[in-house]
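Notes for the structure review
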Amino acid sequence: MILERQEEFPTQTGSSQLFFQEIDNGCMRNYAYEEMSSTSELFEIKLESLLSTTSKLAIETYTTELAKLFTEVHWAREFFTDASSLTTLKQLVPYYKEIQTLLINEKYDECDTFLGHLRTELLTDVLLVGLLRLTYSKRDKIPSWQTLKEKAIEELDIRKYDGSVLLSGI
Amino acid sequence: MYCKKAKDFSEADILGIAIRLDHSAGNHLAIAVHDGEFCYVIHLADHYRLLNGKLTDQYKWVEISSMDEINKMHLAAVCQATYELNKDEGIPFAPCGGGKFDENGAYIGEVGTGMTCSLFVKELFEQQGYIFINNENWPIRKCDILWQKDVLRDFYAISEEDRLLVKHQEGLIGKALRYRPEEVAASVTFQSVPNNFDDINPISLKINQELSS
């Protein structure tokens, strides 16, 4: 579900209101807090840091499920911010370990939310292939996997790659 | 030439198969990785000794011919992440195998099972969908049975778990397929994969010659 204007946003200690400003062909939504409670400072800081990089965030749409993911999966927010620049081994390995751990712990709903919100045009080449391969074996438990694959093939085609070769075997 | 010198493994190569002569136990196989700054090998060195060490001159390396840069980078990241997930608990060494990685990179194996250095590489690659060897018609050779027996005879079993491993592995002798290090190395040299024993074996013999020369 996409959050609407003035909808309640869950925080660790209660809830605060936020509002949205639609940008970028309606795909991305900017957001900010109103009436922040003193106990919501942690979220305020993190969301403000996202605001400055909204146009580079690899998020398709901001939803309540994604908000929940951000509260439960500590590295997810950072991943969406970094996704367009993750190309080297040193950058990739920490996130690969986290995704593997997510699957080992059978957090399939979280993995589904994670994959389902990815904005493929902002993923690096290796992530377009790697995220699908890394989660391939659990695709039956991750409904958004197939959609991500279709979007990844379209994006690889735009980038002049042969998706059937890069994704061979999956 | 299939084998290249360790010093020629560059940042652009990203991922390769490292192999070295080990006169006491045949060849030894590892995964060569270049992280942009350093090159190193990830390998099952011994019983419960999963290591990440330097790519020394003792090693030569073989290029994975069928793999593009994007998939090499992905698989290199998987290898490093899988190493880090399993390094503390380690992986049992077992000449007749039986252990596997689950789809998420965690080692899984019943008591009595394990891996060889070659199986570590083969299983890790296959777990991500990269299949280089067609198992059908893979032979069980007398010299492989002898090797498996020798390894188990010399196995220093210090725990009850180790003794169970030896007992279970002895029951697999003559049934378990053995993939020699040079055969797994040879399997990645093809542009089109997977391949069967008849295709892989001649190249593995050449790799052996190159290692000895």
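Above this text you will find the structure in question.
Overview of the structure. Keep in mind the model is a prediction, meaning the values are calculated, not measured.

With that settled, the discussion passes to the layout of surface pockets. Of the pockets and cavities examined, the second largest pocket occupies roughly 280 Å³. Forming the walls of the second largest pocket are 14 residues, and the residues nearest its centre are Val165 and Ser168 of chain A together with Ser66, Tyr130 and Val193 of chain B. Classifying every residue of the lining of the second largest pocket gives seven nonpolar, five polar and two charged.

Residue and element names in this part refer to chain B. An order of β1-β6-β2-β3-β4-β5 is seen for the six strands of this open sheet, with the pairing classed as antiparallel. Two strands bound the open sheet, and with one partner strand each, they are β1 (3–5) and β5 (49–54). The average undirected angle you get between the axes of adjacent strands in this sheet is 35 degrees. Taken together, the four bridges between strand β3 (residues 26–34) and strand β4 (residues 39–46) define a ladder with antiparallel strand orientation. What sits directly across from isoleucine 31, in β4, is isoleucine 42. Across the sheet, helix α2 (residues 117–126) touches β2 (15–22), β3, β4 and β5, and the angle it forms with β3 is around 40 degrees.

One simple way to see leftover space: roll a probe sized like a water molecule over the atoms. All names here are of chain B. Taken as a whole, this structure holds two cavities of 30 Å³ or more when the rule is applied. Contributing to the lining of the largest cavity are Val121, Lys122, Phe125, Glu126, Tyr130, Phe132, Ile133, Val184, Ser187 and Val188. Where the lining of the largest cavity is concerned, the elements lending two or more residues are α2 and α5 (181–187). Broken down by element, the residue count for the lining of the largest cavity peaks at four residues, all from α2. Of the residues contributing to the lining of the largest cavity, the split by class is seven nonpolar, one polar and two charged.

The next subject is the state of the cysteines. Counted according to the given criterion, the structure contains zero disulfides over all chains. With no disulfide of its own, cysteine 96 of chain B lies 14 Å from the sulfur of cysteine 143 of chain B, the closest cysteine sulfur.

Below, the discussion takes up the packing of aromatic side chains. Using the criterion set out here, one finds 15 aromatic pairs over all chains in the structure. Here tryptophan 75 of chain A and phenylalanine 79 of chain A contribute two aromatic rings whose centre-to-centre distance is 6.4 Å and whose plane-to-plane angle is 85 degrees, an arrangement assigned as edge-to-face. Look at tryptophan 75 of chain A and you get buried, because its relative accessible area is 5%. Since its relative accessible area comes to 1%, phenylalanine 79 of chain A is described here as buried. Between phenylalanine 101 of chain B and tyrosine 107 of chain B, the aromatic rings sit 6.3 Å apart at their centres with planes inclined by 85 degrees, giving edge-to-face as the arrangement. With a relative accessible area of 7%, phenylalanine 101 of chain B lands in the buried category. Cluster of aromatic residues (ring-pair linked, three or more members): Phe70, Trp75, Phe79, Phe80, Tyr95 and Phe114 of chain A. The ring of tyrosine 179 of chain B is capped by lysine 122 of chain B, whose NZ or CZ atom sits 4.4 Å from the centre of that ring. Lying over the aromatic face of tryptophan 147 of chain B, arginine 178 of chain B brings its terminal NZ or CZ to 3.7 Å of the ring centre.

With that settled, consider the interface of chain B and chain A. The interface is formed by 24 residues belonging to chain B together with 22 residues belonging to chain A. Summed over both partners, the interface of chain B with chain A comes to about 2000 Å²; 64% of that surface belongs to carbon and sulfur atoms. Contact with chain A buries area across many residues of chain B, yet Ile70, His74 and Asn104 of chain B alone supply 30% of it, more than any other trio. Remark: the boundary between chain B and chain A carries two salt bridges. Between glutamate 37 of chain B and lysine 90 of chain A there is a salt bridge whose closest N-O contact spans 2.3 Å.

Our focus in this paragraph is the environment of phenylalanine 93 of chain B. All names here are of chain B. By secondary structure assignment, the location of phenylalanine 93 is in the loop between α1 (69–86) and β7 (100–101). Here the alpha-carbon distance between phenylalanine 93 and leucine 44, two residues 49 residues apart in the chain, equals 7.7 Å. Setting aside chain neighbours within four positions, we find phenylalanine 93 in contact with Asp46, His47, Tyr48, Met115, Thr116, Cys117, Trp147, Val151, Phe155 and Leu165.

In summary, the side chains of a regular strand alternate between the two faces of the sheet. Residues and elements named next belong to chain B. Relative to strand β6 (residues 60–63), β1 runs antiparallel, the two being bridged by three bridges. Residue pairing across strands places cysteine 3 opposite valine 62, the latter belonging to β6. Pairing between β2 and β6: four bridges, direction antiparallel. Counterpart to isoleucine 17 in the pairing with β6 is valine 62.

About the cut-offs
- Residues numbered from 1 in each chain as written.
- Chains lettered and ligands numbered in written order.
- Predicted model: local features only at pLDDT ≥ 70, side-chain atom pairs only at ≥ 80, totals over all residues.
- Heavy atoms only, no water.
- 1 Å grid on protein atoms, 1.4 Å probe; cavity = no way out; pocket = protein on both sides within 12 Å on 5 of 7 lines; lining within 4 Å.
- Points joined across faces, edges and corners; volume = space filled by probe spheres on them.
- Nonpolar A, V, L, I, M, F, W, Y, C, P; charged D, E, K, R; others polar.
- Pairing = 2+ DSSP bridges.
- Helix = DSSP H or I, 4+ residues; strand = E, 2+ residues; numbered from the N terminus.
- Axes fitted to C-alpha atoms, helices over the stretch in contact; angles between N-to-C directions.
- Contact = heavy atoms within 4.5 Å.
- Disulfide = S-S within 2.5 Å.
- Phe/Tyr/Trp six-rings, centres within 6.5 Å; stacked < 30°, edge-to-face > 60°.
- Buried < 20%, exposed > 50% of the residue type's maximum accessible area, 1.4 Å probe, protein only.
- Lys NZ or Arg CZ within 6 Å of the ring centre and 35° of its normal.
- Buried area = accessible area lost by both parts, 1.4 Å probe.
- Salt bridge = Lys/Arg side-chain N within 4 Å of Asp/Glu carboxyl O.

Keep in mind that these numbers describe shape and distance, not what the molecule does.
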